[in-house]
Amino acid sequence: MQIAVLSGKGGTGKTTVSTNLAKLINVRYIDCDVEEPNGFIFLKPEGIKSQEVSIPVPYVDEDKCTHCKKCIDICQFNALVHTNKVILFEKLCHGCGACRAVCPTMAITEKDRPIGKIEVGYNGDMECLGGTLNVTEPMAGPIISKLKSMIDDKTTILDCSPGSSCNVVKPLLGVDYAVLVTEPTEFGLHDLKIAVELVRKMDIPFGVVINRLSQEDNTTSRYLKDENINIVGTIPFDRNIAVMYSKGELLINDDKYKKLFTDITHNIEEAIGCSL
Amino acid sequence: MQLVIISGKGGTGKTTVAASFAYLSENSIKCDCDVDASNLHIVLGGEDIKSEPYLGAKVAHVDKDKCTLCRACEDMCRYDAIKDGVVAELKCEGCAACTVVCPNNAITMEDEVTGDTIITKSSTGILSRAQMIVGAEGSGKLVTDVRKNALDYGTKDDFYLLDGTPGVGCAVLASVTGCDMALMIVEPSQSGLNDFKRVLSVVEYFEIKPLVCINKYDINEDVTADIVDFCKDKNIDLIGKIPFDSTVEKSINELKPIVVYDDSIAGKEIKKIWKTVNSYL
Ligand code: SF4
Ligand code: SF4
C-alpha cells in the first residue's frame, strides 16, 4: 500500500502531515522532495546509510568517432555539440542512451555521473528513506525513480515534491491513495485545484487535509463540497503549531494534535477500505 | 536590472513579498517564474492580453500498423515508458532513443503542448507568466520562455522583478540564471534554515548578489539568531526581519498585497525592505 501526500504548492504542510502520519501508524516514510528534503528533520532517523545516485552520460572515444554528427542530431536535450570534436554539456544530459544507440561506429560508451544521494535510516523500527539532489543539478527525476524502486508492498507514506510537474508525477506512479494538503486561502484553492486535476488525470483516489483552518466555512471547503471531495482531516490555524514546526518537533508528541492525526488515519482507512 | 525573489521552499512568504514589491515598483516588468502554480496574477489582477500554447516536450508515438511488437524499444527505454507497443505518456521523457532502435520505423516523436505562456496587463504593469499543464515535463524551459517574453515589453535597462520558483532544481536554475540580485526569503525554522543554505549555494554558483530577509522572525528567535549569525559570517546582507502578522492571512484572502494595509506591521517592514532593495539598484 502506497499513500502519497502532495500539495500543489510548497509550504502547505505536506511534510507535517506525512511525517506525523507515518510515525503515528509506524510505517515506512519516503521523502521524495529531493530538491528540499525536510522530513528527516522531524523524524530524526538514526544509523543513516547513504548511497550515491548517478546517471549514465556518454563518453566519446575520439579514435573511433568519424564525426558523422548522428549523436548531435538525435539528442533531444541539446546536450551534445560538435566543434572539432563532440562536447557534452553534462547538466543537460538526461542519460537516455539515444546517442550511444545511434552511433554507427560504437564510439560512445557511458560513464556514471553522480547527481545526488539516497539515505536510509531508522526511527525506532520505522524505515525512513530520503533523497537529496546535489545543488545546481537540474534533474531530480532519477533520484525519485531510484527511491521508488527501493520499496516493496509494505505500507509506505510518500512525501512528494511541491508543484505538479514531472517530479510529482514520478512518485505518484502506482500509488493507491493520495492525500492533498491545502490551506483555506485563495492561493491554496488555486493550487489545490491543480493537484486535484493531477490525481484525477492519474486516476488515483484521494482525500484532502485542510491545514491552518480558522473558519469552518471558507471557499476551499465550499469547493470541496461542490466537487464531492472527501475531507479526511483538518489542522487548526495555531501559532503553537508553527512554533513546534520551527523547532523540528512532531505534532503527535502533543496529545491535542495527536488526535487530529488519529482522525486522519481513520478517515483514510475508511476511504481505502482497509486498515493501515 | 533583474531581481529574483526566491525561497528555497514554498510557503515562506515569497509571494507576499513579491506581490508587495510588484505593487510598490510601479514601472517594473514582472515575471512569475512559478510555472507549476503561479499565484502573482491572482493578487495583481488585470487582463490577459496574450496567450500562446507552449510546445515544451516531445513524446513518442507508435504507429500500430508498422509495429511488430519486437520489443526493441522496450529494452532500450530507460524510463520504462513503453510496453507492448504502447507508450505511457507520463513516463516518456521524449528522448527518442526508441526511434533509433525500432527496426520498422514505427516510432515518431511528436510535439506536445505542455502549457500556455500568458501576458497579463495588470494595474501595475506587464506580468509575464505561464500555466503549465499538470504533470508536464520541462518546467525549466518554460521559465526561460516566460523571461524571454517579458523582454518584449521593456529594454535592457528596465527593472525586472521575478517571482522565483521554489526548490533548487531545473526551474529554479532557469529563474535565477542571469539575474543581478536575488532576495531570499527565509523562515526561521530548522527546515527553513536548511532550505536557505541549499538555495544560497545556487545563488553563489551563479555569482548573483545575495540579499536575505527573514519572514515571521519572531516565531523562533533562536533560529532567527542563527540565520543572523550565518549571514554575518558569510558577509551576506540581511536587509529585513518581517514579524508574524495575522493581517497577512487576511491580505491573502482579500487578494491584496500586504503593503496596502496601513496598520500592518509586516507591511511596514516590507516597505522598508523595498527601500533598501532600491538603494542597491
Ligand atoms: S544520453 Fe541522451 S541526453 Fe545524454 S547526450 Fe546522449 S542523447 Fe543526449
Ligand atoms: S522516447 Fe525515450 S522515454 Fe519515450 S518511449 Fe522512447 S525510449 Fe522511452
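See the structure above.
Keep in mind it's a predicted model, so treat the numbers as computed, not measured.

The rules behind the values
- Residues numbered from 1 in each chain as written.
- Chains lettered and ligands numbered in written order.
- Predicted model: local features only at pLDDT ≥ 70, side-chain atom pairs only at ≥ 80, totals over all residues.
- Heavy atoms only, no water.
- Near = heavy atom within 4 Å.
- Nonpolar A, V, L, I, M, F, W, Y, C, P; charged D, E, K, R; others polar.
- Pairing = 2+ DSSP bridges.
- Helix = DSSP H or I, 4+ residues; strand = E, 2+ residues; numbered from the N terminus.
- Axes fitted to C-alpha atoms, helices over the stretch in contact; angles between N-to-C directions.
- Contact = heavy atoms within 4.5 Å.
- Buried area = accessible area lost by both parts, 1.4 Å probe.
- Salt bridge = Lys/Arg side-chain N within 4 Å of Asp/Glu carboxyl O.
- Polar contact = N/O pair within 3.5 Å; in protein donor to acceptor, adjacent residues only side chain to side chain.
- Parallel < 35°, antiparallel > 145°, perpendicular 65-115°, else oblique.
- Patch = residues over 30% accessible without salt bridge, like charges linked within 9 Å, V, L, I, M, F, W, Y side chains within 5 Å.
- Areas by Shrake-Rupley, 256 points an atom, 1.4 Å probe, with all protein chains shown as cover.
- Lys, Arg positive; Asp, Glu negative; His and termini not counted.
- Charge placed at Lys NZ, Arg CZ, Asp CG, Glu CD.
- Expected span 1.5 Å × (residues − 1).
- Buried < 20%, exposed > 50% of the residue type's maximum accessible area, 1.4 Å probe, protein only.
- Core = buried A, V, L, I, M, F, W, Y, C linked by side-chain atoms within 4.5 Å.

Colleague: Whenever I open this one, the site of ligand 1 confuses me. Can you help?
Modeller: If you check the shell around ligand 1, you find 13 residues, and the closest are A:C75, A:C93, A:H94, A:C96 and A:C99. When the residues that make up the shell around ligand 1 are grouped by side-chain class, the tally is 10 nonpolar, 3 polar and no charged.

Colleague: What is the right way to read the sheet that holds strand β2 (residues 29–32) of chain B from this model?
Modeller: Strand pairing in a sheet is mediated by backbone hydrogen bonds. Such pairs are either parallel or antiparallel. Residues and elements named next belong to chain B. In spatial order, the strands read β3-β6-β7-β2-β8-β1-β9-β10-β11; together these 9 strands make up an open sheet with mixed pairing. A strand with exactly one partner marks an edge of an open sheet, and here the two such strands are β3 (47–62) and β11 (237–242). The mean angle between the axes of side-by-side strands here comes to 20°, regardless of whether they run parallel or antiparallel. As defined by bridge partners, β2 adjoins strand β7 (residues 125–132) across 2 bridges and the pair is classed as parallel. Paired with C31 across the strands is S128, a residue of β7. Against the sheet, helix α7 (residues 190–205) engages β1 (2–6), β9 (181–186) and β10 (209–215), with an angle of about 170° to β9.

Colleague: Is there a simple way to think about the interface of chain A and chain B in this case?
Modeller: It is common to give the size of an interface as the accessible area that goes away when the parts come together. Facing 62 residues of chain A, the contacting portion of chain B comprises 63 residues. Roughly 5000 Å² of surface becomes buried between chain A and chain B when both sides are summed, with 59% attributable to carbon and sulfur atoms. Put simply, chain A and chain B have 3 salt bridges between them. Every element with two or more residues in the side of chain A that touches chain B is listed here: α2 (39–43), α4 (98–102), β7 (126–133), α6 (166–172), α7 (186–201) and α9 (239–246) of chain A. The leading source of residues in the side of chain A that touches chain B is α7(A), at 8 residues. When the residues that make up the side of chain A that touches chain B are grouped by side-chain class, the tally is 27 nonpolar, 19 polar and 16 charged.

Colleague: Explain the side chain of A:R113 here, please?
Modeller: Residues and elements named next belong to chain A. With respect to the element layout, R113 can be found in strand β6 (residues 108–123). Within polar-contact distance, the side chain of R113 engages the side chain of E137 at 2.9 Å. Those residues in contact with R113 that sit more than four places away from it in its chain are V53, S54, I55, V57, E90, K91 and E137.

Colleague: So what exactly am I meant to see when it comes to the packing of α7(A) against helix α8 (residues 219–226) of chain A here?
Modeller: Two quantities define a packed helix pair, namely the angle between the axes and the distance from one axis to the other. All names here are of chain A. Here α7 crosses α8 at 25°, and the two axes come no closer than 9 Å. The angle between the axes of α7 and α8 places the two elements in the roughly parallel class. Contacts between α7 and α8 involve E186, L189, L192, K193 and V196 on the former and, on the latter, T219, T220, Y223 and L224. Residues belonging to the contact of α7 with α8 are distributed by class as follows: 5 nonpolar, 2 polar and 2 charged.

Colleague: Please explain a negative patch on the surface as it appears in this structure.
Modeller: On the surface, a cluster of negative charge is contributed by B:E221, B:D222, B:D226, B:D229 and B:D233. In this structure, B:D222 sits in helix α8 (residues 221–234).

Colleague: Where do I start with helix α1 (residues 14–25) of chain A in this structure?
Modeller: Because an α-helix packs 3.6 residues into every turn, residues spaced three or four apart end up facing the same way. Residue and element names in this part refer to chain A. An ideal rise of 1.5 Å per residue puts 16 Å on 12 residues; α1 measures up with 17 Å between its terminal C-alpha atoms. Of all 12 residues in α1, 10 are buried, a share of seventy percent or more. Positive backbone phi, at 55°, marks N26, one or two positions downstream of α1.

Colleague: Just checking my understanding: could you explain the site of ligand 2 for this structure?
Modeller: Surveying the vicinity of ligand 2 reveals the residues B:A60, B:C77, B:Y79, B:A81, B:I82, B:C92, B:E93, B:C95, B:A96, B:C98 and B:M109. Partitioning the shell around ligand 2 into residue classes produces 10 nonpolar, no polar and 1 charged.

Colleague: I tried to follow the nonpolar core on my own but got confused; where do I start?
Modeller: A:L6, A:C71, A:L172, A:L180, A:L192, A:L198 and B:I107 are the most contacted members of the largest nonpolar core, which has 81 residues in total. Among the elements that line this core, the one with the most residues is α7(A), at 7 residues. Excluding residues that lie within four positions of it along the chain, A:L172 makes contacts with A:A4, A:L6, A:C160, A:L198, A:M202 and A:I204. If you look at the next biggest cluster of nonpolar residues, it comprises 42 residues, including B:V35, B:L162, B:A171 and B:I214.

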